[in-house]
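Residues per chain are reported as follows:
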Amino acid sequence: VKLNNKTLSDLPANIAVPTYDRSALTAGIVHIGLGNFHRAHQAWYLHRLMQNGQALDWAIVGAGVRPNDETRRLELLEQDYLNTLIELDPSGISAEVTGAMIDFVPVTADNAPLIARMAQADIRIVAMTVTEGGYYIDPVTKAFDANHPDIQHDAANPTTPKTPFGAMAAALKIRRDTGVGPFTGLCCDNLQGNGAILRQTVVSLARLSDPDLADWIDANCSFPNSMVDCIVPATGPTEIALAHELGIEDLAPVTHENFRQWIIEDDFCAGRPDWDKAGAVFTDDVHAYEMMKIRILNGGHQIIVGAAEVLGIETISGCMSNSAIAAFFNKVALNEIVPHVHPVPGRTPESYVELISSRFANPRIVDTTRRVAFDGSSRHPGFVIPSIRDGLAAGTPIEGLALTEAAWARMCEGTREDGSTIQPNDPFWTDLQVAAKAAKDDPAKWIAQDQFYGDLANEPRFAEAFDKWLRLIWAEGMTAALKTYLAA
Ligand code: NAD
């Protein structure tokens, strides 16, 4: 059945569909970056409320600033902005159709339709998922990158901006001048302190052309921090075929895991849906949840992928069905990361390790080792090395974390144990490979890369453990090193 408003009642009976009157919904949110993640996460929470007769004046208007977003708009227009979500639960697959989106702004180079829509009074939240790299911040210093050509363009042409942030500033100027007032900017990208980053980008960009507007935005708009979590793979022929098997013709179905989390600072200057009634959590302490996720889930990914890449294991669920790697994740997480992670309401760090272990093991989610091993040069410093520092400071074990770093160094040498080549997977690959080759005979050469390790090479407990593990990996292989650690 080709998905649209008219065919909803023809879908197979086991597919849940909107029970609310979509023609009665009114808009409240513009979402920029209508990727898969938004549709499986934020739009799902809103749909849940609408299924209960709530938030009917908060429907989503899709938007984007890239040509591919116009392609997405035309696909969704064909199906009346209905979305098929397919849940990949290890115990079975199920589908539902969500209806919280009611429109999509035409995507043009000058972003005029987007600015005009965001300037209207019914829009009270402008949300976005434009990827972690989309905020024009320096990855190391986290400072705003005023020299980027896109930013320079928007500073010189504030009424015809290219970036989402220029468009937001232009719309906010109209709202200020017409008395409509501010909206909330809600970042849903995977960045620590994402609201603060969004504020910095919008305000700093506005300041380049209109300091008064920048001050007004800073004083009147709110930018809540939030932590988002749900594994949502990209859609390809497999996902479209899966929707077809379930009885739905959808040009852009979304698959997702059977877990979602959304932790949001309750700081909305123009109102908000009661997302908490659909399972989201409003809190003043997003940071504690972020820390648990980053150290255990994101750090956990790095713990397993170095070894897995060297052993030629292709997926994250494949890692978890390798007994040595699964045990390695559990031991390092419980003994070396958990001591530095605080509990959050309803969850201890130990139970979070158990949860992540089962999420990683979900065989229906095809998350590749290669994807997760990408960008080790930003992920190790962001997700693993802080746990090493905490362990050194507190006198808790760091052996498994040192072995994680040795496995990364082994991976960056560029070959697997079966002799095959590991393709470059990092912006700094060339430098990493030079260091990894030198470290084969002299492990200290790897941790001397102070752009990642800072002064950790001078910490004897870390340096000695790292030296021992990298030598053992090269002498006896990755599995032997993991088993030595597990036996200790
Ligand atoms: P996607 O590729 O399906 O969609 C990305 C969207 O962002 C598209 O609309 C694209 O046009 C837009 N975009 C990309 N780069 C941009 C840029 N520089 N400026 C403006 N727009 C840009 O990706 P997705 O799966 O929806 O993931 C998007 C983001 O959501 C991730 O980067 C991450 O921050 C967050 N997230 C994703 C997942 C997941 O499992 N997919 C999980 C947690 C968080």
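In the block above lies the structure referred to throughout.
These figures come from a predicted structure and were not determined experimentally.

Student: Explain helix α16 (residues 399-412) to me, please; I cannot follow it from the model alone.
Tutor: Owing to its 3.6 residues per turn, the α-helix brings residues three or four apart onto one side. Here α16 is 14 residues long and its end C-alpha atoms lie 20 Å apart, about the 20 Å a rise of 1.5 Å per residue gives. Of all the 14 residues making up α16, 13 are buried; the element is thus mostly covered by neighbouring parts of the structure.

Student: What am I meant to see in the nonpolar core here?
Tutor: The nonpolar side chains of a soluble globular protein tend to be buried with one another. Judged by nonpolar contacts, the single largest core of 76 residues is most densely connected at I296, I304, F329, W446, Y453, F462 and W469. The dominant element in this core, judged by the number of residues it contributes, is helix α10 (residues 286-311), at 13 residues. Mapping this core onto the domain boundaries places at least three of its residues in each of domain 1 (5-284) and domain 2 (287-487). Not counting the four nearest positions on each side in its chain, I296 is found in contact with F329, I337, V338, V341, P349, Y352, V353 and I356. Ranked by size, the runner-up nonpolar core spans 41 residues in total, among them A119, I151, A170 and L172.

Student: Is there a simple way to think about the sheet that holds strand β4 (residues 92-98) in this case?
Tutor: Each strand in a sheet pairs with its neighbour through backbone hydrogen bonds, running either in the same direction (parallel) or in the opposite one (antiparallel). The three strands are arranged β4-β3-β9 in an open sheet whose pairing can be described as mixed. Both edges of this open sheet fall to β4 and β9 (254-257), since each of them pairs with a single strand only. Strand-to-strand, the axes of this sheet are offset by a mean angle of 25°, without reference to chain direction. When strand β3 (residues 83-89) meets β4, the two strands line up antiparallel, connected through seven bridges. Within β4, the position partnered with N83 by the bridge is T98. Here helix α9 (residues 237-246) sits on the sheet in contact with β3, β4 and β9, set at roughly 95° to β3.

Student: Which parts of the structure should I look at to understand the site of the ligand?
Tutor: For the ligand, the set of nearby residues contains 20 residues, the closest of which are F37, D69, E132, D189 and V232. At 2.7 Å from an oxygen atom of the ligand is found a side-chain nitrogen or oxygen belonging to E132. For the ligand, whose unbound accessible area comes to 830 Å², protein coverage reaches 79%. Elements with a contribution of two residues or more to the shell around the ligand: α1 (36-40) and α3 (67-78).

Student: Explanation requested: the pattern of salt bridges in the structure shown.
Tutor: Pairs can form between side chains of opposite charge whenever their charged atoms are close. For the structure on display, the rule yields 23 salt bridges. The shortest N-O distance in the salt bridge between E399 and K468 comes to 2.6 Å. Of this pair, E399 sits in helix α16 while K468 sits in helix α20 (residues 460-476), placing them 69 residues apart in sequence. E399 gets classed as partly exposed once you look at its relative accessible area, which sits at 28%. The network of salt bridges with common partners includes D266, R272, D274 and K277.

Student: Would you take a moment to explain the packing of α16 against α20 for this structure?
Tutor: For any two helices packed against each other, one specifies the inter-axial angle together with the distance between the axes. In contact at an axis separation of 8 Å, α16 and α20 are set at 50° when each is read in the N-to-C sense. The angle between α16 and α20 places the two elements in the oblique class. Read as a crossing pair, α16 and α20 show a hand that is right-handed. Here E399, A402, L403, E405, A406, A407, A409 and R410 of α16 come into contact with α20, specifically with F462, A465, F466, K468, W469, L470, I473 and W474. Of the residues in the contact of α16 with α20, the class split is 12 nonpolar, no polar and four charged.

Definitions and cut-offs
- Residues numbered from 1 in each chain as written.
- Predicted model: local features only at pLDDT ≥ 70, side-chain atom pairs only at ≥ 80, totals over all residues.
- Heavy atoms only, no water.
- Helix = DSSP H or I, 4+ residues; strand = E, 2+ residues; numbered from the N terminus.
- Expected span 1.5 Å × (residues − 1).
- Buried < 20%, exposed > 50% of the residue type's maximum accessible area, 1.4 Å probe, protein only.
- Core = buried A, V, L, I, M, F, W, Y, C linked by side-chain atoms within 4.5 Å.
- Domains from an automatic or database assignment.
- Contact = heavy atoms within 4.5 Å.
- Pairing = 2+ DSSP bridges.
- Axes fitted to C-alpha atoms, helices over the stretch in contact; angles between N-to-C directions.
- Near = heavy atom within 4 Å.
- Polar contact = N/O pair within 3.5 Å; in protein donor to acceptor, adjacent residues only side chain to side chain.
- Areas by Shrake-Rupley, 256 points an atom, 1.4 Å probe, with all protein chains shown as cover.
- Salt bridge = Lys/Arg side-chain N within 4 Å of Asp/Glu carboxyl O.
- Parallel < 35°, antiparallel > 145°, perpendicular 65-115°, else oblique.
- Left-handed = near helix turned anticlockwise from the far one by under 90°.
- Nonpolar A, V, L, I, M, F, W, Y, C, P; charged D, E, K, R; others polar.

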